[in-house]
Amino acid sequence: MVWAFGSSKILRGIGFMSGSSGFFAKNQASLGTLAGLVVALALVYFFVLGNSNSSYPSKMWFYDVGEKSLIKMSSDTLPPVTLSNGNRAVHAYVIECSSGNTEPQVAYVRKHSDAAVEAMKDIKKTGGPASEEQIRVLTAPESEVVASLAMLEAGEWVSLESSEGQAVMTDAAKNACGGGEFAYTIP
């Protein structure tokens with residue numbers, strides 16, 4: 001306690017503590033600029049450099065709708081995508097049940113609207129901020145939809161944000177494993 005009191009007296013004596021003639025009072029604008037620069041550099045590191053060593057998978061499961069089979073594709077792929085065989089592929093959420101059948105199986109599938117895919121490609125291409133129209137397209141309830149495999153066969157998709165969409169995501173995996181434990185897998 002004595003040292004802390006003494007050290008503040010020393011710092012105050014050499015002008016580092018606040019006050020009308022202190023270092024902080026004289027250099028308030030410079031310190032504000034320095035603090036802003038530190039925050040900006042931290043954000044650049046977090047969003048640009050920090051993500052370069054990300055543990056985000058490079059491959060993800062996709063479902064070839066025509067072949068009714070799982071395929072591996074780059075995680076940068078925006079579903080739906082047209083494959084070289086002419087079939088469409090959508091993002092597949094694949095699970096393995098912890099008991100019984102441990103064979104990987106599709107719990108549900110997800111895709112974006114064609115307009116949302118185009119908006120995301122345009123934003124990535126320009127590297128700039130999204131326009132108001134692009135934001136409207138990307139935030140529309142129909143911009144991202146999900147379906148169980150049975151729904152996919154019937155051509156039925158529901159908004160990811162809807163209560164039906166939430167039920168598809170939670171119930172499909174539970175039902176696939178007979179209500180037992182499961183884990184999502186990546187290729």
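Since the model is a prediction, treat every value here as computed from it, not as a measurement. (Residues numbered from 1 in each chain as written. Predicted model: local features only at pLDDT ≥ 70, side-chain atom pairs only at ≥ 80, totals over all residues. Heavy atoms only, no water.)

J.: Any chance you could explain the nonpolar core here in plain terms?
T.: Counting residues in each nonpolar core, the largest one holds 22 residues, and the members touching the most others are Y63, A92, Y108, V109, V146 and V168. Those elements that provide at least two residues to this core are β1 (59-64), β4 (88-97), β5 (105-112), β6 (144-147), α6 (149-154) and α7 (163-176). A per-element tally of this core places β4 first, with five residues. Setting aside chain neighbours within four positions, we find V146 in contact with Y108, V109, R110, M151, W157, V158, L160, G165, V168 and M169. F62, M73, L83 and A89 belong to the second largest nonpolar core, which has six residues in total. (Core = buried A, V, L, I, M, F, W, Y, C linked by side-chain atoms within 4.5 Å. Buried < 20%, exposed > 50% of the residue type's maximum accessible area, 1.4 Å probe, protein only. Helix = DSSP H or I, 4+ residues; strand = E, 2+ residues; numbered from the N terminus. Contact = heavy atoms within 4.5 Å.)

J.: I would appreciate a short explanation of the packing of helix α4 (residues 114-126) against helix α5 (residues 132-139) in the present structure.
T.: Two packed helices can be described by the angle between their axes and the distance between those axes. Look at α4 against α5: their axes get within 9 Å of each other, and the N-to-C directions meet at 135 degrees. Between α4 and α5, the crossing angle belongs to the class labelled oblique. The interaxial crossing formed by α4 with α5 has left-handed handedness. Note on element contacts: α5 touches α4 through Q134, V137 and L138, opposite A115, A116, A119, M120, D122 and I123. A breakdown of the residues in the contact of α4 with α5 according to their chemical character gives seven nonpolar, one polar and one charged. (Axes fitted to C-alpha atoms, helices over the stretch in contact; angles between N-to-C directions. Parallel < 35°, antiparallel > 145°, perpendicular 65-115°, else oblique. Left-handed = near helix turned anticlockwise from the far one by under 90°. Nonpolar A, V, L, I, M, F, W, Y, C, P; charged D, E, K, R; others polar.)

J.: Help me out: how do you make sense of the layout of surface pockets in this one?
T.: Summary: where empty space remains is shown by rolling a probe the size of a single water molecule over the atoms. Reported here for the largest pocket is a volume of approximately 230 Å³. Lining the largest pocket are 13 residues; nearest its centre among them are Y56, S75, D76, T77 and L78. Listed by contribution, the elements that provide at least two residues to the lining of the largest pocket are β1 and α4. With three residues, the single largest contributor to the lining of the largest pocket is α4. Looking at the lining of the largest pocket, its residues break down into six nonpolar, three polar and four charged. (1 Å grid on protein atoms, 1.4 Å probe; cavity = no way out; pocket = protein on both sides within 12 Å on 5 of 7 lines; lining within 4 Å. Points joined across faces, edges and corners; volume = space filled by probe spheres on them.)

J.: How should the pairing of β6 be read in this particular structure?
T.: Across a regular strand the side chains alternate sides, sitting on one face of the sheet and then on the other. Bridging between β5 and β6 involves four bridges; their strand directions are antiparallel. Bridge pairing in β6 places R110 opposite V146. Two strands pair when backbone bridges link them, and β6 and strand β7 (residues 158-159) are joined in this way by two bridges, in the antiparallel orientation. When the sheet's bridge partners are listed, V145 is paired in β7 with S159. (Pairing = 2+ DSSP bridges.)

J.: Please explain the side chain of S143 as it appears in this structure.
T.: For S143, the location among the structural elements is in the loop between α5 and β6. In this structure the side chain of S143 is engaged in a polar contact, spanning 3.0 Å, whose partner is the backbone oxygen of L138. At a separation of 2.9 Å, a polar atom in the side chain of S143 contacts the main-chain carbonyl oxygen of A140. Not counting residues within four places of it along the chain, the set of residues in contact with S143 comprises K111, H112, S113, A116, V137 and L138. (Polar contact = N/O pair within 3.5 Å; in protein donor to acceptor, adjacent residues only side chain to side chain.)

J.: Can you walk me through the pattern of salt bridges in this structure?
T.: Pairing is possible between side chains that carry opposite charge, provided their charged atoms lie close to one another. Per the stated rule, a full pass over the model turns up four salt bridges. The salt bridge partner of R88 is D114, with a shortest N-O separation of 3.3 Å. With R88 in strand β4 and D114 in helix α4, this pair connects stretches of sequence that are 26 residues apart. Among the residues examined, R88 registers a relative accessible area of 36% and is labelled partly exposed. Residues R110 and E144 are paired through a salt bridge, measuring 2.7 Å at the closest nitrogen-oxygen approach. With R110 in strand β5 and E144 in strand β6, this residue pair connects regions lying 34 residues apart in the sequence. Residue R110 is classed as buried on the basis of its relative accessible area of 12%. (Salt bridge = Lys/Arg side-chain N within 4 Å of Asp/Glu carboxyl O.)

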